[in-house]
Amino acid sequence: MKWYFILSLIPYFAYIVFKAKKYMHMLQQNWYNDGNRYIKWVMNNFEKVFLVFDVLFIIFAFLKNEYAIITFAVFYIICYILHRNKVRKEQSKKPLVITARIKRLYTTMLILHLVCIVPMIIFYNDINLQVFYVFMGLLVYINPFVIWLSNIINKPIEKMVFNHYKRMAKNKLKAMPSLMKVGITGSYGKTSTKNALNDILNVKFNSFATEKSFNTMNGLMISINNKLDKFSDIFVAEMGAFRQGEIKEKAEFIEPQYAILTTIGTAHLEDFGCIENTQKAKFELIESLPRNGVAILNKDDEYQTSYKVKSKCKKVWVSMRFKEADVYASDVKLSNKGTTFKVKFADTKKVIELETKLLGSANVYNVLQAVALAHELGLSDEQIKIGVKRIATIEHRLELKKFADINIIDDAYNSNPVGSKMAVDVLGMMPGKKIIVTPGMIELGDKQYEYNMKFGRQIAKVCDEVILIGEEQTKPILDGLKKEKYNEEKIHILNDVKKAFPLMRKLKDKETYVLLENDLPDIFNE
């Protein structure tokens, strides 16, 4: 009987390992529970996490021994099949990355399960079989918390690993004393500005920028340890943050001589608490600069002009509104093919005309700040012109692409009040039928309803058809559409973004442009 009991554990452990992948994925997307983000996700998604088929483990309390073993094995085979079929239907926007850390988490989780189950095997008796099975059923049912506990247990190990790679990266930077280092932060536009600057600087220098949206300490360390080489003249580091002190930590680590602060706004307001905290957090980069450093600031951003900078570094202000700015953009012409504008440098009094494939007015600010720093670093006007023309479009950031005969404006990476309005404005410039697909904006704290309702009102003025993803989270957008008396027959509400694509085909006209605005991570799936 004992051996049958051991054999019945095979489908049980197979199910644990397979289902754990979902919660490992959520833990990874929630920054390994930094700020209790994972636990908040578990509690906010109680139905999805706990109202599942495997809650039926309680039936083991009522089974006779001769039926319990076979029922237990069959039950977890069925659980495995049902969960596998469910996973196949789910859309994974950013899949789980099987890193060394995830492997360590799996190992710790399995050890915790074995610590509970091995004594049952050693002291097995038929009398306690039902109790064993109920306890094991409960254990797999609360596995989201077992994974959370595994993460806590592993923290000292992860800290040691983190410090090891941090020392490696710091030593590599110290071994390159002539390397010029640039830090870029802000609520919006960090990645776009970083890529624009890198493309421009590479006309004259060998410039290297952190990849994709690698803006955490881990991302910076990976970029330095794996990609930065001895031939680089300039290192451009994107720096993100969810709380005060994070950018200061990154700045002390990188020690940049140059910095760009893009825009201060309401992104991650839920984490910072208020706009004043966001303002202080973003200026940590500027305050870290040495006396001979250079900060590129946005004169059109009230949260930058109102801040009293303590650093004695040189401040270069860019603007599209104030002619007296150090670098001023004018004659901005937006089209569905790109953007052209003129730039005047206050120090040389010269005016140059620039052309870029990038869409939207916010991208003018991104390019303008990149141009301002390139000018400070000694690039000629001609080199700047060449560099701006070379700037590549960024994946999922107002990226124009084709889906069969439909034109897609892919702005799926992220959405915020400034970016979403700009994206809708870009859609408005396009010829033909205009459709938007969006789940709305997140992490805006108590302003979330207000900004999403305003977004709905903006959509109403431009779009011919609206596809909302997520009935609950898009209610504010729906309210905004209704305020503008938008035709409700043109509003389509789905809970799965994959269903939007066949719907697009039904709604399309001879010439159709579809804006994909924001693509929430799996943690927000309804």
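First, a word on scope: everything that follows refers to the structure included in this document. All values reported here derive from a predicted model rather than from experimental measurement. (Residues numbered from 1 in each chain as written. Predicted model: local features only at pLDDT ≥ 70, side-chain atom pairs only at ≥ 80, totals over all residues. Heavy atoms only, no water.)

1. With respect to the overall build of the protein chain
Okay, step 1: When helices and strands are counted, the protein chain shows 20 helices and 15 strands.
Okay, step 2: Taking the principal axes of its C-alpha atoms as reference, the protein chain extends roughly 90 × 60 × 40 Å.
Okay, step 3: Taking all 526 residues of the protein chain together, 52% fall into the buried category.
Okay, step 4: Counting contacts in the protein chain only where the partners sit at least 6 residues apart, residues at least 24 apart contribute 71% of the total.
Okay, step 5: As displayed, the protein chain has an accessible area near 24,900 Å², and 56% of this comes from carbon and sulfur atoms.
Okay, step 6: Distance between charge centroids for the protein chain: 3 Å, based on 76 positive and 57 negative side chains. (Helix = DSSP H or I, 4+ residues; strand = E, 2+ residues; numbered from the N terminus. Buried < 20%, exposed > 50% of the residue type's maximum accessible area, 1.4 Å probe, protein only. Contact = heavy atoms within 4.5 Å. Areas by Shrake-Rupley, 256 points an atom, 1.4 Å probe, with all protein chains shown as cover. Lys, Arg positive; Asp, Glu negative; His and termini not counted. Charge placed at Lys NZ, Arg CZ, Asp CG, Glu CD.)

2. Focus on the pattern of salt bridges
Okay, step 1: Counted according to the given criterion, the structure contains 22 salt bridges.
Okay, step 2: In this structure, the salt-bridge partner of Glu211 is Lys227, at a minimum N-O distance of 3.9 Å. One end of the pair, Glu211, is in the loop between β2 (207-209) and α10 (217-226); the other, Lys227, is in the loop between α10 and β3 (234-238), and 16 residues separate them in sequence.
Okay, step 3: On the basis of relative accessible area, Glu211 is assigned to the partly exposed category, the value being 32%.
Okay, step 4: Across the salt bridge formed by Lys475 and Glu472, the nearest N and O atoms sit 3.4 Å from each other. (Salt bridge = Lys/Arg side-chain N within 4 Å of Asp/Glu carboxyl O.)

3. A closer look at empty space enclosed by the protein
Okay, step 1: Per the counting criterion, the structure on display carries one cavity of 30 Å³ or more.
Okay, step 2: Space inside the largest cavity adds up to approximately 40 Å³.
Okay, step 3: Lining of the largest cavity is provided by Leu358, Leu359, Asn363, Thr393, Ile394, Arg397 and Leu398.
Okay, step 4: Residue composition of the lining of the largest cavity, grouped by class: four nonpolar, two polar and one charged. (1 Å grid on protein atoms, 1.4 Å probe; cavity = no way out; pocket = protein on both sides within 12 Å on 5 of 7 lines; lining within 4 Å. Points joined across faces, edges and corners; volume = space filled by probe spheres on them. Nonpolar A, V, L, I, M, F, W, Y, C, P; charged D, E, K, R; others polar.)

4. As for the pairing of strand β11 (residues 406-411)
Okay, step 1: Summarising burial for β11: six of the six residues are buried, a large majority.
Okay, step 2: Side-chain alternation along β11 places Ile406, Ile408 and Asp410 on one buried face and Asn407, Ile409 and Asp411 on a second face that is also buried.
Okay, step 3: Looking at chain direction, strand β10 (residues 399-403) and β11 are connected through five bridges and run antiparallel. The partner of Lys402 across the bridge, within β11, is Asn407.
Okay, step 4: Between β10 and β11, which pair antiparallel one after the other, the connecting turn spans two residues, and Ala404 there sits at a positive phi close to 60 degrees. (Pairing = 2+ DSSP bridges.)

5. Remarks on the sheet that holds strand β5 (residues 294-298)
Okay, step 1: With mixed pairing, nine strands are arranged side by side in an open sheet as β2-β3-β1-β4-β5-β6-β7-β8-β9. Only two strands of the sheet have a single neighbouring strand rather than two, namely β2 and β9 (351-356). Between one strand and the next, the sheet's axes are offset by a mean angle of 20 degrees, whatever the strand orientation.
Okay, step 2: Strand direction decides the pairing type here: strand β1 (residues 180-185) and β3, joined by five bridges, are parallel. (Axes fitted to C-alpha atoms, helices over the stretch in contact; angles between N-to-C directions.)

6. What about the packing of aromatic side chains?
Okay, step 1: Tallied over the entire structure, the rule returns 25 aromatic pairs.
Okay, step 2: Taking 6.4 Å as the distance between ring centres and 25 degrees as the angle between the ring planes, the aromatic pair formed by Tyr38 and Trp41 counts as stacked. With Tyr38 and Trp41 both in helix α2 (residues 37-44) and three residues apart, the pair spans about one turn of that helix.
Okay, step 3: Ring centres 4.0 Å apart and planes at 10 degrees place the aromatic pair Phe72 and Tyr133 in the stacked group. Within this pair, whereas Phe72 is found in helix α4 (residues 65-89), its partner Tyr133 is found in helix α6 (residues 129-141), the two being separated by 61 residues in sequence.
Okay, step 4: Among the residues examined, Phe72 registers a relative accessible area of 0% and is labelled buried.
Okay, step 5: The ring of Tyr32 has Arg101 sitting right over it, with the charged end atom 3.8 Å from the ring centre.
Okay, step 6: Over the aromatic face of Trp317 sits the side chain of Lys299, whose NZ or CZ is 5.7 Å from the ring centroid. (Phe/Tyr/Trp six-rings, centres within 6.5 Å; stacked < 30°, edge-to-face > 60°. Lys NZ or Arg CZ within 6 Å of the ring centre and 35° of its normal.)

7. Quick word on the pairing of strand β6 (residues 314-319)
Okay, step 1: Where β5 and β6 come together, five bridges link them in parallel fashion. From the neighbouring strand, Asn298 faces β6, where its bridge partner is Val318.
Okay, step 2: Of the pairings in the sheet, the one linking β6 to strand β7 (residues 327-335) comprises two bridges and is parallel in character. Each bridged residue has a counterpart across the sheet, and for Val318 the counterpart in β7 is Val327.

8. A word on the environment of Lys2
Okay, step 1: With respect to the helices and strands, the residue Lys2 is situated in helix α1 (residues 2-29).
Okay, step 2: Taking the C-alpha atoms as reference, Lys2 lies 9.8 Å from Leu129; in sequence the two are 127 residues apart.
Okay, step 3: Those residues in contact with Lys2 that lie beyond four places of it in its chain are Ile121, Ile122 and Tyr124.
Okay, step 4: Of note is the side chain of Lys2, whose polar atom sits 3.1 Å from the backbone oxygen of Ile121. (Polar contact = N/O pair within 3.5 Å; in protein donor to acceptor, adjacent residues only side chain to side chain.)

9. Focus on the sheet that holds β10
Okay, step 1: With respect to topology, six strands assemble into an open sheet ordered β10-β11-β15-β12-β13-β14, the strand pairing being mixed. Two strands close off the open sheet at either side, each with one partner strand: β10 and β14 (491-494). The average undirected angle you get between the axes of adjacent strands in this sheet is 20 degrees.
Okay, step 2: Direction of pairing for strand β12 (residues 433-438) relative to strand β13 (residues 465-469): parallel, over a ladder of four bridges. Residue Val437 lies in a different strand from β13, and its bridge partner there is Ile467.
Okay, step 3: Contacting β11, β12 and β15 (512-517), helix α17 (residues 417-429) crosses the sheet at an angle of about 175 degrees to β15.
Okay, step 4: Sheet strands touched by helix α19 (residues 475-483): β12, β13 and β14. Its angle to β13, the strand with the most contacts, is close to 155 degrees.

10. Digging into the nonpolar core
Okay, step 1: Phe5, Tyr12, Tyr38, Tyr76, Tyr133 and Met136 are the most contacted members of the largest nonpolar core, which totals 45 residues.
Okay, step 2: Mapped by element, the contributors of at least two residues to this core are α1, α2, α3 (46-50), α4, α5 (100-122), α6 and α7 (143-153).
Okay, step 3: No other element matches α1, which puts 11 residues into this core.
Okay, step 4: Residues contacting Met136, with those up to four places away along its chain left out, are Phe5, Leu9, Tyr12, Phe72, Ile117 and Met120.
Okay, step 5: Counting residues in each nonpolar core, the second largest holds 37 residues, with Ala209, Tyr258, Ala370 and Leu377 among its members. (Core = buried A, V, L, I, M, F, W, Y, C linked by side-chain atoms within 4.5 Å.)

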